[in-house]
Amino acid sequence: MSLAKDFMTLLSGRLASQLILVLSTPILTRVYAPEHFGLVSLVSSITQIPIIYLMGRLDQAIPQSRDDEEAGRLVGLAFSFALVVTTLCLGLCVLGHDYLVEHYNSTELPLILMTAIALFVPVSMSKIGKQWAAYRERHAVTASADVVGMLCQRGLPLVFFALLGVGPWALFLGQVFAFICSAFIFLNRLGKDCLVHLCLAPQQLWQTLKEYKDFPLYLGASSLIDVSMWSLVSILLGDFFGLAAIAWYGQAYALLFLPISLLNQSASNIFYPKLAQAREDQVALNDLAKMMTNLSFDLGLYPLFILLPIAPLLWGALLGESFQMSGEIAQFLIPMAVVNMTFSPLSLAVNVFHQQKAFFQQSLIQHTLRLLAFYLGCLYGGILWAFAGFVLATVPFKLWQITWLLKLMEVSVHGLISKALIKLTYTACWVGLLYFLREVHQWSLLSLIFTAVVGGLGWLILIIWSNPQAKSFLQDKGWLKS
């Protein structure tokens, strides 16, 4: 299967799961009370950090395995980590039972939390299954697990509402069955293949851990820094501008970065094993790096920059006039989003070439710089100045990291993006046109969106003309003549 077909398979599954999420939310919010959602969200917050370290991030190493035996050792090591973390967390939950009941005034919280911790086992199976599917390039399995898991998570609470009545358990049981069903799909489709190569020999696991020690030491630490940074941004917003500012930022980030996350996850699952296979073949590495960069650039440039003229109107129309500021914040985040789109697939080289320590050090510097810029913006300007400082500190650093990753792979920047100047000019012209139509002719949001879609059709033609993978995919489908 071609890279384009793999990408479309994964993306279609993730888009379907997110569509289920969007359509089910208004229904569930009318059935369940805010305190029920709050309790489930609290459990998710408490278990967030243990889940980051659940398998010592060693599951992330599976797609880059050199052979099946190494992959089997990594699976055994990751699952062993999961069992240890699960046992420790269950013990802490038992010891903290009385505190949780008293502090949150909820007798149901400790039992729901213990159930969530017990779910770490199927969660780890599901995560290992996704990485094994990436290693075997069985992307349809991952796509089906995403859809079935989301159907259970969002659909079953309605069934349990009819059986158990309203309450946090009826809502939470949807998540329980989502993880169990997802794990079952991977076990059913890939379990035999994985078990054949599974290794639990202590000596071999120890040797593998020594080779991959940077995954739990530095990759996990980088993830913790990311989580902490976004939490600090919300805290600073609340301190300087009130709770409404946190809501504006949350909605701006959610609507802008959710599709980006879907695209990045799909691209990462496809390119990770390919990148590992090409690490000792410089010609293949050059071709793959160019393919990765072109895909991310093409998917991000026009679709994101075209939001610049319409973001305040769009966010206001979707969420109400009180959330129009979310659209203004999104305008500042768009350049960072485009750079992140290009950076994310290339960042897989950090794992393949075992540069987690260097990446961790870079993350410390990057987060320090942008938090300082954000704080100064809050202190001496307004909320938009704060986000302007945040983005100005982020984009140059991310661009430097992209050049660092390319240098790591010994890939030249020259000629990396096909027809880059033409694509940039095309996007700039359409963005300028939309600004002109909005400011001079006072066009409505629907008219602006229609114009952006027309420009998007031209963009599609442009990337098909310049991207051999896209052209090959359409020719295989019979939608384009050879």
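Residues numbered from 1 in each chain as written. Predicted model: local features only at pLDDT ≥ 70, side-chain atom pairs only at ≥ 80, totals over all residues. Heavy atoms only, no water.

**Let's talk about the overall build of the protein**
Regarding its fold elements, the protein presents 20 helices and zero strands. Compactness check: the protein gives a C-alpha radius of gyration of 23 Å against a globular reference of 23 Å for 482 residues, within 12% of the reference. Its C-alpha atoms give the protein principal-axis dimensions of about 65 × 55 × 45 Å. Intrachain contacts of the protein at a sequence separation of at least 6 include 83% that bridge at least 24 residues. On the protein, roughly 22,600 Å² of surface is accessible, and the fraction owed to carbon and sulfur atoms is 67%. Of note, the protein has its 28 positive side-chain charges centred 7 Å away from the centre of its 26 negative side-chain charges. (Helix = DSSP H or I, 4+ residues; strand = E, 2+ residues; numbered from the N terminus. Rg over C-alpha atoms; globule rule 2.2 N^0.38 Å. Contact = heavy atoms within 4.5 Å. Areas by Shrake-Rupley, 256 points an atom, 1.4 Å probe, with all protein chains shown as cover. Lys, Arg positive; Asp, Glu negative; His and termini not counted. Charge placed at Lys NZ, Arg CZ, Asp CG, Glu CD.)

**Brief notes about unusual backbone geometry**
At Glu-137, a position not held by glycine, the phi torsion is positive, near 60 degrees. With respect to the secondary-structure elements, Glu-137 resides in the loop between helix 6 (120–136) and helix 7 (139–164). Residue class for Glu-137 comes out partly exposed when judged on its relative accessible area of 26%. Residues other than glycine seldom take positive phi values, yet Gln-442 does so here, at roughly 55 degrees. (Buried < 20%, exposed > 50% of the residue type's maximum accessible area, 1.4 Å probe, protein only.)

**Some points on the side chain of Thr-451**
Along the chain, the position of Thr-451 falls in helix 19 (residues 445–466). Discounting residues that sit within four places of it in the chain, Thr-451 has contacts with Trp-430, Leu-433, Leu-434, Leu-437 and Trp-443.

**Examining a nonpolar patch on the surface**
Taken together, the side chains of Phe-240, Leu-372, Tyr-375, Leu-376, Leu-379 and Tyr-380 present a nonpolar region at the surface, about 600 Å² in accessible area. Here the nonpolar patch gets five residues from one element, more than from any other, and that element is helix 16 (residues 356–380). On the secondary structure map, Leu-379 appears in helix 16. (Patch = residues over 30% accessible without salt bridge, like charges linked within 9 Å, V, L, I, M, F, W, Y side chains within 5 Å. Salt bridge = Lys/Arg side-chain N within 4 Å of Asp/Glu carboxyl O.)

**Looking at the side chain of Gln-356**
Along the chain, the position of Gln-356 falls in helix 16. Since its relative accessible area comes to 1%, Gln-356 is described here as buried. A distance of 3.3 Å separates the side chain of Gln-356 from the side chain of Asn-351, its partner in a polar contact. Every residue in contact with Gln-356, bar those within four places of it in the chain, is listed here: Asp-214, Phe-215, Tyr-218, Leu-219, Val-350 and Asn-351. (Polar contact = N/O pair within 3.5 Å; in protein donor to acceptor, adjacent residues only side chain to side chain.)

**Quick notes on the packing of helix 5 (residues 109–118) against helix 6**
Two elements in contact, helix 5 and helix 6, have axes whose closest approach is 4 Å; the angle formed by their N-to-C orientations is 35 degrees. For the pair helix 5 and helix 6, the contacting residues are Ala-116, Ile-117 and Ala-118 in the first and Phe-120, Val-121 and Pro-122 in the second. Within the contact of helix 5 with helix 6, the residues separate by chemical class into six nonpolar, no polar and no charged. (Axes fitted to C-alpha atoms, helices over the stretch in contact; angles between N-to-C directions. Nonpolar A, V, L, I, M, F, W, Y, C, P; charged D, E, K, R; others polar.)

**Comments concerning the environment of Ser-322**
Relative to the helices and strands, Ser-322 resides in the loop between helix 13 (311–319) and helix 14 (324–346). You can call Ser-322 exposed: its relative accessible area is 53%.

**Section: the pattern of salt bridges**
One pass over the structure, following the stated rule, counts eight salt bridges. Across the pair Lys-130 and Asp-146 runs a salt bridge, and its minimum N-O distance is 3.3 Å. In this pair, Lys-130 sits in helix 6 while Asp-146 sits in helix 7, placing the two residues 16 residues apart along the sequence. For Asp-146, a relative accessible area of 11% puts it in the buried group. When the shortest N-O distance is used, the salt bridge between Asp-298 and Lys-423 registers 2.6 Å. Of the two residues, Asp-298 sits in helix 12 (residues 282–305) while Lys-423 sits in helix 18 (residues 420–439), which places them 125 residues apart along the sequence.

**A closer look at helix 19**
The end-to-end C-alpha separation of helix 19 is 31 Å, in line with the 32 Å expected for 22 residues at 1.5 Å each. Considered for burial, the residues of helix 19 that qualify are Leu-445, Leu-448, Thr-451, Ala-452, Gly-455, Trp-459, Leu-462, Ile-463, Ile-464 and Ser-466. (Expected span 1.5 Å × (residues − 1).)

**Observations concerning the confidence of the model for the protein**
Looking at the protein as a whole, its pLDDT mean stands at 86, while 96% of the residues score no less than 70. When mean pLDDT is compared element by element in the protein, helix 18 scores highest at 94, while helix 20 (residues 468–477) scores lowest at 60. (pLDDT = per-residue confidence, 0-100.)

**What to know about the packing of helix 18 against helix 19**
Where helix 18 contacts helix 19, the axes come no closer than 11 Å and their chain directions differ by 175 degrees. Taken as axis vectors, helix 18 and helix 19 run roughly antiparallel relative to one another. The segment helix 18 lies against helix 19, with Ile-422, Lys-423, Tyr-426, Thr-427, Trp-430, Leu-433, Leu-434, Leu-437 and Arg-438 engaging Leu-448, Thr-451, Ala-452, Val-454, Gly-455, Gly-458, Trp-459, Leu-462, Trp-465 and Ser-466. For the contact of helix 18 with helix 19, the class distribution of residues is twelve nonpolar, five polar and two charged. (Parallel < 35°, antiparallel > 145°, perpendicular 65-115°, else oblique.)

**Some remarks on the environment of Ala-252**
Summarising the element assignment, Ala-252 is placed in helix 11 (residues 243–277). On the accessibility criterion, Ala-252 (0% relative accessible area) is buried. A sequence separation of 77 residues divides Ala-252 from Ile-329, and the C-alpha atoms of the two residues are 6.4 Å apart. When residues no more than four places from it in sequence are discounted, the contact partners of Ala-252 are Trp-315, Ser-326, Ile-329 and Ala-330.

**Some thoughts on the state of the cysteines**
All chains considered together, the criterion is met by zero disulfides. Distance from the sulfur of Cys-152, which forms no disulfide, to the nearest cysteine sulfur (Cys-181) is 3.6 Å. Residue classification places Cys-152 among the buried positions, given a relative accessible area of 11%. (Disulfide = S-S within 2.5 Å.)

**Side note on the nonpolar core**
One finds Leu-256, Leu-275, Leu-304, Phe-374 and Met-409 to be the most contacted residues of the largest nonpolar core, which totals 128 residues. Per element, the largest residue contribution to this core is 14 residues, and it comes from helix 11. Once residues lying within four places of it in the same chain are set aside, the contact partners of Leu-275 are Leu-285, Leu-288, Met-292, Leu-348, Ala-349, Val-352 and Met-409. (Core = buried A, V, L, I, M, F, W, Y, C linked by side-chain atoms within 4.5 Å.)

**What to know about helix 18**
Its 20 residues place the ends of helix 18 29 Å apart at the C-alpha level, agreeing with the 28 Å of an ideal helix rising 1.5 Å per residue. Of the residues making up helix 18, those classed as buried are Lys-423, Thr-427, Trp-430, Val-431, Leu-434, Leu-437 and Arg-438. Around the axis of helix 18, the buried residues are gathered within 125 degrees of arc, so they sit on the same side. With respect to the buried face of helix 18, the exposed residues turned more than 90 degrees away are Leu-421 and Cys-429. The secondary structure elements touched by the buried residues of helix 18 are helix 12, helix 13, helix 14 and helix 19. (Arc of directions from axis to C-beta.)

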